[in-house]
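Descriptive structure summary
Spelled out, the chains give:
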Amino acid sequence: MFEGSYLGDDARLGALDRLECGICWWVYDPAEGDPSAHIPAGTPFSALPEQWHCPNCDAPKHKFMVLRE
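Residues numbered from 1 in each chain as written. Predicted model: local features only at pLDDT ≥ 70, side-chain atom pairs only at ≥ 80, totals over all residues. Heavy atoms only, no water.

Attention now moves to the environment of H53. Locating H53 in the fold gives a position in the loop between β2 (27–28) and β3 (64–66). Sequence separation between H53 and K63 is 10 residues, and the spatial gap between their C-alpha atoms is 9.3 Å. In this view, H53 contacts D58 and A59; residues no more than four positions away in its chain are not counted. Here the side chain of H53 touches D58 through a polar contact of 2.9 Å, side chain to side chain. (Helix = DSSP H or I, 4+ residues; strand = E, 2+ residues; numbered from the N terminus. Contact = heavy atoms within 4.5 Å. Polar contact = N/O pair within 3.5 Å; in protein donor to acceptor, adjacent residues only side chain to side chain.)

Shown next, in the form of structure tokens:
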């Protein structure tokens with residue numbers, strides 16, 4: 001497991017945490033949401049629907065990694 005790997009564990013996430021796709025490096029930022037999936041700004045990653053996937057490469061949620069900046 002890589003440092004920062006999400007692996008579906010919502011307990012590892014803060015409401016403002018940004019996560020990066022481990023496949024294509026697209027970043028989910030809760031401040032922006034995901035307009036392509038009608039996810040409003042202010043939605044934490046942990047509140048995304050289970051069927052949500054990366055809008056860039058279609059990777060599932062568990063492929064995302066927490067960005068620690």
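On to the confidence of the model for the protein chain, then. Looking at the protein chain as a whole, the pLDDT averages 88, with 86% of positions reaching at least 70. By mean pLDDT, β3 is the weakest element of the protein chain at 91, and β2 is the strongest at 97. (pLDDT = per-residue confidence, 0-100.)

As enumerated under the stated definition, the model contains 0 disulfides in all. Cysteine C24 shares no disulfide, and the gap to the nearest cysteine sulfur, in C54, comes to 3.6 Å. The exposure class assigned to C54 is buried, which follows from its relative accessible area of 1%. (Disulfide = S-S within 2.5 Å. Buried < 20%, exposed > 50% of the residue type's maximum accessible area, 1.4 Å probe, protein only.)

For the rest of this paragraph, the subject is the nonpolar core. Y28, F45, W52 and F64 are the most contacted members of the largest nonpolar core, which has 13 residues in total. Every element with two or more residues in this core is listed here: β1 (19–21) and β3. Ignoring anything within four residues of it in the chain, the contact list for Y28 reads D17, R18, L19, G33, D34, I39, T43, P44, F45, L48, W52 and F64. (Core = buried A, V, L, I, M, F, W, Y, C linked by side-chain atoms within 4.5 Å.)

With that out of the way, let us pick up the packing of aromatic side chains. Scanning the entire structure with this criterion turns up 7 aromatic pairs. Look at W26 and Y28: their rings are 6.4 Å apart centre to centre, the planes differ by 50 degrees, and that puts the pair in the tilted class. The exposure class of W26 is partly exposed, given its relative accessible area of 25%. Here Y28 falls in the buried class, since its relative accessible area comes to 0%. Where W26 meets W52, the ring centres are 6.2 Å apart and the plane angle is 40 degrees; that geometry is what we call tilted. Here W52 lies in the loop between β2 and β3 and W26 lies in the loop between β1 and β2, a separation of 26 residues in the sequence. Judged by relative accessible area, W52 falls into the buried class, the value being 5%. (Phe/Tyr/Trp six-rings, centres within 6.5 Å; stacked < 30°, edge-to-face > 60°.)

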